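# Tertiary structure, described
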2 protein chains.
Amino acid sequence: MANTDDDRRPKYQRIADSLREAIQSGEYGPGDRLPGENDLMAAHGVARMTARQALSVLKDEGVAESRKGAGVFVRSFRPLRRRGIQRLSQEQWGSGRSIWSADIENRTLVVDQVAVSEEAAPERIGQVLDLGDGETVCVRRRRFVLDGKPVLLATSYLPTSVVAGSAITQEDTGPGGTYARLAELGYKPVHFREEIRSRMPTKDEAEQLSISAGTPVILICRTAFADEGRPVEINEMTLDAASYILEYDFDA
Amino acid sequence: MANTDDDRRPKYQRIADSLREAIQSGEYGPGDRLPGENDLMAAHGVARMTARQALSVLKDEGVAESRKGAGVFVRSFRPLRRRGIQRLSQEQWGSGRSIWSADIENRTLVVDQVAVSEEAAPERIGQVLDLGDGETVCVRRRRFVLDGKPVLLATSYLPTSVVAGSAITQEDTGPGGTYARLAELGYKPVHFREEIRSRMPTKDEAEQLSISAGTPVILICRTAFADEGRPVEINEMTLDAASYILEYDFDA
């Protein structure tokens, strides 16, 4: 397809395409410096604005990123692997381990900005949790930071009627976390639903996650169900898409 | 947080924030026309460029979209729900139904641009399918179009040594599709792995999927395993993120 298509395309686009191919083929690896504006001007006989536009295309796609004063570099993509199913198995949280332990490998994942409060339930939450009029929820907000980079924002909603007086209403939920406490309260999570979407971040999300230009967020809404299909928690997560691979393994 | 934060922000950002809030609260619903540049200039006492920037913020986020000559509208988000686990269950494909049937509800999903060929295996594919040197793959490319809008590109790779001579090498794989044929060949898929990422589309992907500005793609790489963990198919999918919600349901 190269030639016929190429001829219709603006010059900056053709330069961007050739750089992208060089990245995909491995000629430029993650973290490598790409040719600068001057290099591209000389190599392709184009004006500075054209060279700049070509680099902008790759930055807008999230393939490359500028570093101040140093040039444009191939983005490193060394994501966390989040295993949706194994990580929620009872063996994992039943034995007091964090449900995050499977993801971290040898990297340091820190939870910060933990805030717990009792609030009126947003309408969408009240509907899914099947709350009565005026019933409140315990809201747990926190941020996950990997190797110094924020990667995930999470907000959990649990019915106050279920969790009142338990460690779930404290910053530190204790060994095994929220799900171990729910089990002790008689609401052991036995089924999960995860719904996944992706879109561009809002300004606030981009700031909180230090997201580079041209990078979407992945939204995961997880609902935990106790026996008889009783919904006991909704966890709305916002992930830096450049930091995660989600994995689901299941039998036919 | 409204006031202290707001005061630091540029005017166009504050206008964008107020429009976004009006959208989130339902004041402007999907498909509704947003106030135009003239409206925003009058309402906020700003210059045209500021009004334009405010609308651009929402377009870059994928929240709104321009329609030529008609103004800026709230994006409709009426996605397909793709159920990752139930849809692959044997009852589904074992009885000859399409694995897509759960997703379509009353809408028309059409497969087009089907192309089948025998090719050298790309390195990443050869590694996962555990192919020997020079072993080729059957490559099935196709596009899924919903109500006239392309929503998904899919490329499946299967070892030629497994599928040669079967209907899998034809455009029409017959009732139950590829997985029913694999079962007949003695390679019934019994386990699946789906890996999910999200990033901005390449120019080619944006064209093939008619993707609006400010909209990412979701990548799903599905590997199907037969007995004894034998990998028999890799399906690399590229989805218009504005067209899909992925759902995974599973027990603890």
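Note that the structure is a prediction, hence the values are computed from the model and not measured. (Residues numbered from 1 in each chain as written. Chains lettered and ligands numbered in written order. Predicted model: local features only at pLDDT ≥ 70, side-chain atom pairs only at ≥ 80, totals over all residues. Heavy atoms only, no water.)

Ranked by size, the top nonpolar core spans 58 residues in total, and within it Ile196(A), Leu246(A), Tyr248(A), Ile196(B), Leu246(B) and Tyr248(B) carry the most contacts. In this structure, Leu246(B) is in contact with Glu194(A), Glu195(A), Ile196(A), Arg82(B), Ile196(B), Ile218(B), Ile220(B) and Leu239(B), ignoring residues within four places of it in sequence. (Core = buried A, V, L, I, M, F, W, Y, C linked by side-chain atoms within 4.5 Å. Buried < 20%, exposed > 50% of the residue type's maximum accessible area, 1.4 Å probe, protein only. Contact = heavy atoms within 4.5 Å.)

This part is about the pairing of strand S5 (residues 136-146) of chain A. All names here are of chain A. Burial analysis of S5 places nine of its 11 residues in the buried class, the great majority of the element. In this sheet, S5 lies alongside strand S4 (residues 109-120) in antiparallel orientation, the contact comprising 10 bridges. Residue pairing across strands places Leu109 opposite Leu146, the latter belonging to S5. Pairing of S5 with strand S6 (residues 149-159) involves 10 bridges; the strand directions are antiparallel. (Helix = DSSP H or I, 4+ residues; strand = E, 2+ residues; numbered from the N terminus. Pairing = 2+ DSSP bridges.)

Our next topic: the domain arrangement of chain A. Each assigned domain of chain A is listed here: domain 1 (11-74) and domain 2 (80-247). A straight line from the C-alpha centre of domain 1 of chain A to that of domain 2 of chain A covers 38 Å. (Domains from an automatic or database assignment.)

Take helix H9 (residues 177-184) of chain A next. Residue and element names in this part refer to chain A. Counting buried positions over the eight residues of H9 gives six, a clear majority of the element. Looking at H9, one finds that the buried residues are Gly177, Thr178, Tyr179, Ala180, Arg181 and Leu182. Trailing H9 by a residue or two, Gly186 shows a phi angle of about 90°, which is positive.

The pairing of strands in a sheet happens through backbone hydrogen bonds and is either parallel or antiparallel. Taken in spatial order, the eight strands make up an open sheet running S3(A)-S10(A)-S7(B)-S8(B)-S9(B)-S6(B)-S5(B)-S4(B), and their pairing is mixed. Pairing within the sheet leaves two strands with one partner each, and these edge strands are strand S3 (80-83) of chain A together with strand S4 (109-120) of chain B. With direction set aside, neighbouring strand axes in the sheet form an average angle of 20°. Pairing between strand S10 (residues 244-251) of chain A and strand S7 (residues 191-199) of chain B: six bridges, direction antiparallel. Of the residues in S7(B), the one forming a bridge with Tyr248(A) is Glu194(B). (Axes fitted to C-alpha atoms, helices over the stretch in contact; angles between N-to-C directions.)

Further remarks concern the relation of the copies chain A and chain B. Taken as rigid bodies, chain A and chain B are interconverted by a rotation of 180° and an axial shift of 0.1 Å, the fit giving an RMSD of 0.1 Å. Expressed as an axis order, the relation between the two copies is that of a two-fold axis. (Least-squares fit on C-alpha atoms with pLDDT ≥ 70 in both.)

To continue, consider the interface of chain A and chain B. Taken together, the contacts link 44 residues of chain A with 44 residues of chain B. Carbon and sulfur atoms make up 57% of the surface buried where chain A meets chain B, a total of about 3,600 Å² over both sides. For chain A, the biggest contributors to the area lost against chain B are Met200(A), Phe250(A) and Ala252(A); these three give 19% of the whole. Where chain A packs against chain B, one counts zero salt bridges. The interface formed by chain A and chain B contains 15 residue pairs in polar contact (both at pLDDT 80 or more). Those elements giving two or more residues to the side of chain A that touches chain B turn out to be helix H2 (11-24), helix H5 (90-94), strand S7 (191-199), helix H10 (203-208) and S10 of chain A. With nine residues, S7(A) is the single largest residue contributor to the side of chain A that touches chain B. (Buried area = accessible area lost by both parts, 1.4 Å probe. Salt bridge = Lys/Arg side-chain N within 4 Å of Asp/Glu carboxyl O. Polar contact = N/O pair within 3.5 Å; in protein donor to acceptor, adjacent residues only side chain to side chain.)

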